[in-house]
Amino acid sequence: MTAPKIAMLGLGSMNGAILAGLLGAGVPAENITATTRTAASAQAKADQYGVQVLAEESTAEANQRAAASADVVFLGVKPPQITGLCAEIKDALKPGAVVASVAAAVTVAMMEQALNPGQPVIRTMPNTPLSVGLGVVGLTPGRSTDQQHTEQVAQLLGASGRVHVLPEEQIDALTGVAGSGPAYAFYLAEHMAAAGVEMGLDPQLAADLAAQTIYGAGKMLVENLGTHDAAQLRRNVTSPNGTTQKAIETFDAADMGSAIRSGAQASSTRAAEITEELSAPQ
Ligand SMILES: NC(=O)C1=CN([C@@H]2O[C@H](COP(=O)(O)OP(=O)(O)OC[C@H]3O[C@@H](n4cnc5c(N)ncnc54)[C@H](OP(=O)(O)O)[C@@H]3O)[C@@H](O)[C@H]2O)C=CC1
Ligand SMILES: O=C(O)[C@@H]1CCC=N1
């Protein structure tokens, strides 16, 4: 099978992470055309990734041009811009092309309504660790999306992460755990490093200790899936009446477990709210 031509419309944090993953997995750079809003960003991204990047600012039809030659079109703009972008590119798309959005909250139905009837679409919820080959993606195909399209997008994203095909009702929950999730780990790293500095460590060393510890713990979690769960791995670090026990008691006293669950649920609830906002008559 020849490698598909790919358009990445919008090349910010998320589509940039997907692009890094695709390039890292061996997709040829010449198969990819991306777009940005500003010319300065297009130049910076072209230099960073080595792909062609068109800016809407300097090429009015940048999105149509990028979409026209693509077999797979990733929409990576902000949620309120997605349906407008769909309308902009709908007549430029190649027959048989599939449109995959990475946006939170924008439903399959919203995209299908903005595109031409019968257009294959896929709603995805990826996360930024795709950039290092360790991402997670939730994916829901549209009504006119056949198995081949779903497999094509799943295969592209699956080269740099784990892909789960889900009913659309579960995408917001996946957003709360995995889409927003890297930020929770980074937040933990920020505070672990800050604690190290407060206890007298050099900031660079403290940041390195936090990063490497979370990296190592994440690898252990993945490698022990199905045999030792997170709670067991935590118990293995916790000596009776030792140092870790004191830390966990302190977290429990602050009800940190409940705060983390509330945060993940708030992310998911916010996705549903944005869907409502985008559905409201203008
Ligand atoms: N960030 C994340 O971790 C995740 C984000 N998402 C979803 O990804 C989407 C993008 O978010 P994120 O990457 O964070 O946002 P960014 O602001 O980082 O990127 C947005 C990109 O869209 C470009 N853009 C804006 N308007 C246009 C236009 N009219 N034509 C072409 N390109 C345009 C911007 O151009 P320029 O570079 O010139 O500013 C920028 O490259 C959102 O819908 C979000 O819900 C989903 C999962 C995780
Ligand atoms: O914060 C956001 O809205 C996006 C979606 C998931 C992660 N980032």
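Small disclaimer: the values here were computed from a predicted structure and weren't measured. Sequence order as written defines the numbering, with residues in each chain counted from 1. Here every chain gets a letter starting at A, and every ligand a number starting at 1, in the order they are written. Note on the predicted model: pLDDT of at least 70 is required for a residue's local features to be given, and 80 or more for side-chain atom pairs to be given and counted; whole-chain, interface and lining totals, by contrast, use all residues. By convention in this description, side-chain values take in all heavy atoms of the structure and omit both hydrogens and water.

As for the site of ligand 2
Any residue with a non-hydrogen atom lying within 4 Å of a molecule or strand is treated as near it. Neighbouring residues of ligand 2: Ala104, Gly179 and Ser180. The method behind every accessible area is Shrake-Rupley, applied with a 1.4 Å probe, and residues are considered shielded solely by the protein chains displayed. With the chains in place, 43% of the 250 Å² that ligand 2 exposes on its own is no longer accessible. Residues are said to line a cavity or pocket when one of their atoms sits within 4 Å of a point; the points come from a 1 Å grid over protein atoms alone, cavities being sets where a 1.4 Å probe fits but cannot get out and pockets being open sets with protein on both sides within 12 Å along at least five of seven lines. What decides whether a molecule sits in a cavity or pocket is whether more than half of its atoms lie within 2 Å of the grid points. Of the pockets mapped on this structure, ligand 2 occupies the second largest pocket.

With respect to the domain arrangement of the protein chain
What the domain assignment lists for the protein chain is domain 1 (6-171) and domain 2 (179-268). The domain boundaries here were taken from an automatic or database domain assignment. On a C-alpha basis, the centres of domain 1 and domain 2 stand 33 Å from each other. Working rule for contacts: check all heavy atoms of both residues, and any pair within 4.5 Å makes them a contact. Taken residue by residue, the interface counts six residues in domain 1 and four residues in domain 2. Accessible area that two parts lose when put together, evaluated with a 1.4 Å probe and summed over both, is termed the buried area. When the two sides are added together, the surface that domain 1 and domain 2 hide from each other amounts to roughly 320 Å², 70% of it contributed by carbon and sulfur. Here a salt bridge means any side-chain nitrogen of Lys or Arg lying within 4 Å of a carboxyl oxygen belonging to Asp or Glu. Linking domain 1 with domain 2 are zero salt bridges, by the criterion used here. As used in this structure description, the phrase polar contact means that two N or O atoms lie within 3.5 Å; if the pair is within protein, one of them must be able to donate a hydrogen and the other to accept it, and residues adjacent in sequence are counted only when both atoms belong to side chains. At the surface where domain 1 touches domain 2, the tally comes to zero residue pairs in polar contact (both at pLDDT 80 or more). Grouping the constituent residues of the side of domain 1 that touches domain 2 by class yields three nonpolar, two polar and one charged. Each residue gets one of three labels, nonpolar for Ala, Val, Leu, Ile, Met, Phe, Trp, Tyr, Cys and Pro, charged for Asp, Glu, Lys and Arg, and polar for the others, Gly among them.

Digging into the side chain of Asn63
Put simply, DSSP marks the helices as runs of H or I at least four residues long and the strands as runs of E at least two long, and each gets a number from the N terminus on. With respect to the helices, strands and loops of the structure, Asn63 is situated in helix α3 (residues 62-68). Relative accessible area serves as the criterion here: at 8%, Asn63 is assigned to the buried category. Asn63 has contacts with Leu9, Thr35, Glu56, Leu85, Glu88 and Ile89, leaving out every residue within four places of it along the chain. When a residue's accessible area, from a 1.4 Å probe over protein chains only, is under 20% of the maximum for its type it is buried; when over 50% it is exposed; and in between it is partly exposed.

With respect to helix α9 (residues 203-223)
Turn by turn, an α-helix covers 3.6 residues, leaving residues three or four places apart pointing in a common direction. The end-to-end C-alpha distance of α9 is 30 Å, a good match for the 30 Å that 21 residues give at a rise of 1.5 Å each. With a side-chain oxygen positioned 3.1 Å from the backbone nitrogen of Gln204, the residue opening α9 is Asp202. Helix span is expected to be 1.5 Å times the residue number reduced by one.

With respect to the layout of surface pockets
Grid points are joined across faces, edges and corners, and a volume is the space filled by probe spheres set on the points. The calculated volume of the second largest pocket comes to roughly 810 Å³. Lining the second largest pocket are 33 residues, and of these Met14, Gly76, Val77, Lys78 and Pro79 lie nearest its centre. Contributions of two or more residues to the lining of the second largest pocket are made by α1 (13-24), β2 (32-36), α4 (82-89), β6 (121-126), α7 (171-179) and α12 (256-279). The leading source of residues in the lining of the second largest pocket is α12, at four residues. Of the residues in the lining of the second largest pocket, the class split is 13 nonpolar, 15 polar and five charged. Shared between two domains, the lining of the second largest pocket holds at least three residues of each, these being domain 1 (6-171) and domain 2 (179-268).

Examining the UniProt feature "domain: Pyrroline-5-carboxylate reductase catalytic N-terminal" (unreviewed entry) in the protein chain
Here the UniProt feature "domain: Pyrroline-5-carboxylate reductase catalytic N-terminal" (unreviewed entry) sits at residues 5-104. As annotated, residues 5-104 has a helix share of 38% and a strand share of 21%, and its two end C-alpha atoms lie 24 Å apart. UniProt positions are given in the numbering used here, feature names are shortened, and annotations may be inferred rather than shown by experiment.

Structural notes on the packing of α7 against α12
Only the stretch in contact is used when a helix axis is fitted, and all axes are lines through C-alpha atoms; the angle between N-to-C directions ranges over 0 to 180 degrees. Following both chains from N to C, one finds α7 and α12 inclined at 140°, their axes separated by 7 Å at the closest point. For the element pair α7 / α12, the angle class is oblique. When the axes of α7 and α12 are compared, the crossing they make is right-handed. For the pair α7 and α12, the contacting residues are Asp172, Ala173, Thr175 and Gly176 in the first and Ala264, Ser267, Ser268, Ala271 and Ala272 in the second. Of the residues assigned to the contact of α7 with α12, the class counts are four nonpolar, four polar and one charged. Here the angle decides the label: under 35 degrees means roughly parallel, over 145 means roughly antiparallel, 65 to 115 means roughly perpendicular, and every other value means oblique. Each crossing gets its handedness from the near helix: less than a right angle anticlockwise from the far helix is left-handed, clockwise is right-handed.

Observations concerning the site of ligand 1
Near ligand 1, the surroundings consist of 23 residues, among which Ser13, Met14, Thr38, Ser41 and Val77 are the closest. At a separation of 2.6 Å, an oxygen atom of ligand 1 approaches a polar side-chain atom of Ser41. Side-chain polar atom of Asn63 to a nitrogen atom of ligand 1: 3.1 Å apart, as the coordinates give it. Protein contacts shield 80% of the accessible area of ligand 1, which totals 900 Å² for the unbound molecule. When atom positions are compared with the pocket grids, ligand 1 is found to occupy the second largest pocket. Residue assignment for the shell around ligand 1 shows that the elements contributing at least two residues are α1, β2 and β6. Broken down by class, the residue content of the shell around ligand 1 amounts to nine nonpolar, 11 polar and three charged.

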